[in-house]
Amino acid sequence: MPECLVVDDSRVVRKAARRMLEAQGFAVREAEDGAEAVAACRAALPDLVLLDWNMPVMDGLSCLRALRAEWGAAEPLVMLCTTEAAMERIVVALEAGAQEYIMKPFDEAILADKLAALGLGAGA
């Protein structure tokens, strides 16, 4: 069973993402910020990190850069998640090493499509 670490400072968002990911066949762990996410990855590297951009303590982009510095470009797969649709932000995320990008709010169909593009989830 693939594992996803959901990283978001909103408990409501984490709970919604957990429900959608579990429906796609994932085991899910949660973290409230980027620093918690890096620690969680050190404890057990997940297959996928669903990573919010805007968080206190350590934001998503800083977390992404920390993950890439420690584990390299290939793992874990990172899907950056944000409300900001500006193309420049998407480019920054992809250049920093995110494999995919998803806009909030997202639903299960959108998430399933993104997971399939990464070769993960029920549709893969």
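Above this text is the structure in question.
Residues numbered from 1 in each chain as written. Predicted model: local features only at pLDDT ≥ 70, side-chain atom pairs only at ≥ 80, totals over all residues. Heavy atoms only, no water.

### A few points about the overall build of the chain
Using the following cut-off: Per the convention used, a helix needs a DSSP run of H or I reaching at least four residues, while a strand needs a run of E reaching at least two, with both numbered from the N terminus. The contact criterion used throughout is that any non-hydrogen atoms of two residues lie within 4.5 Å. Note on areas: Shrake-Rupley with a 1.4 Å probe; residue coverage comes only from the protein chains shown.
A count of helices and strands for the chain gives five helices and five strands. In sequence order, the chain lays out its α and β elements as β-α-β-α-β-α-β-α-β-α. Its C-alpha atoms give the chain principal-axis dimensions of roughly 35 × 30 × 30 Å. For the chain, contacts bridging at least 24 residues in sequence account for 61% of all contacts bridging at least 6. Summed over all atoms, the accessible surface of the chain reaches about 5800 Å², with 55% contributed by carbon and sulfur.

### Looking at helix α3 (residues 60-71)
Test applied: In a helix, the anticipated span is given by 1.5 Å times the number of residues less one. Partly exposed residues are those whose accessible area sits between 20% and 50% of the maximum for their type, while under 20% is buried and over 50% is exposed, using a 1.4 Å probe and protein chains only. The arc in question is the one spanned by the directions pointing from the helix axis to the C-beta atoms. Identification of polar contacts relies on pairs of N or O atoms within 3.5 Å, with a donor-acceptor requirement for protein atoms, meaning one able to donate a hydrogen and the other able to accept it, and with residues adjacent in sequence counted only if both atoms are side-chain atoms.
The end-to-end C-alpha distance of α3, which contains 12 residues, comes to 16 Å, matching closely the 16 Å that a straight helix rising 1.5 Å per residue would cover. Burial in α3 covers these residues: Gly60, Leu61, Cys63, Leu64, Leu67 and Arg68. Here the buried residues of α3 occupy an arc of 160 degrees about the axis, which is enough to place them on one side. The opening residue of α3, the one whose side-chain oxygen lies 3.3 Å from the backbone nitrogen of Leu61, is Asp59. With its phi angle positive at about 90 degrees, Gly72 sits one or two positions after the end of α3.

### A word on unusual backbone geometry
In most cases, non-glycine residues show a negative phi, while peptide bonds are predominantly trans. Pro76 follows Glu75 through a cis peptide bond whose omega is -10 degrees. Here Pro76 is to be found in the loop between α3 and β4 (77-82). Backbone geometry at Val57 places phi at a positive 70 degrees, although glycine is not the residue there. Relative to the elements of secondary structure, Val57 occurs in the loop between β3 (48-52) and α3. Residue Val57 is classed as exposed on the basis of its relative accessible area of 71%.

### Examining helix α4 (residues 87-96)
Within the sequence span of α4, burial applies to Ile90, Ala93 and Ala96. Across the axial projection of α4, the buried residues extend over an arc of 135 degrees, all falling on one side. Exposed residues lying more than 90 degrees from the buried face of α4 are Met87, Glu88 and Glu95. Positive phi shows up at Gly97, right after α4, with a value of about 120 degrees.

### Description of the pattern of salt bridges
Test applied: Any Lys or Arg side-chain nitrogen located within 4 Å of an Asp or Glu carboxyl oxygen qualifies as a salt bridge.
Counted under the stated rule, the structure contains nine salt bridges. The closest approach of N and O atoms between Arg14 and Glu30, which form a salt bridge, is 3.0 Å. Remark: Glu30 occurs in strand β2 (residues 27-31) and Arg14 occurs in helix α1 (residues 11-23); sequence separation between them is 16 residues. Residues Glu22 and Arg18 are paired through a salt bridge, measuring 3.0 Å at the closest nitrogen-oxygen approach. Of the two residues, Glu22 and Arg18 both sit in helix α1, four residues apart, roughly one turn of that helix. What emerges from the salt-bridge pattern is a single network uniting Arg14, Arg18, Glu22 and Glu30.

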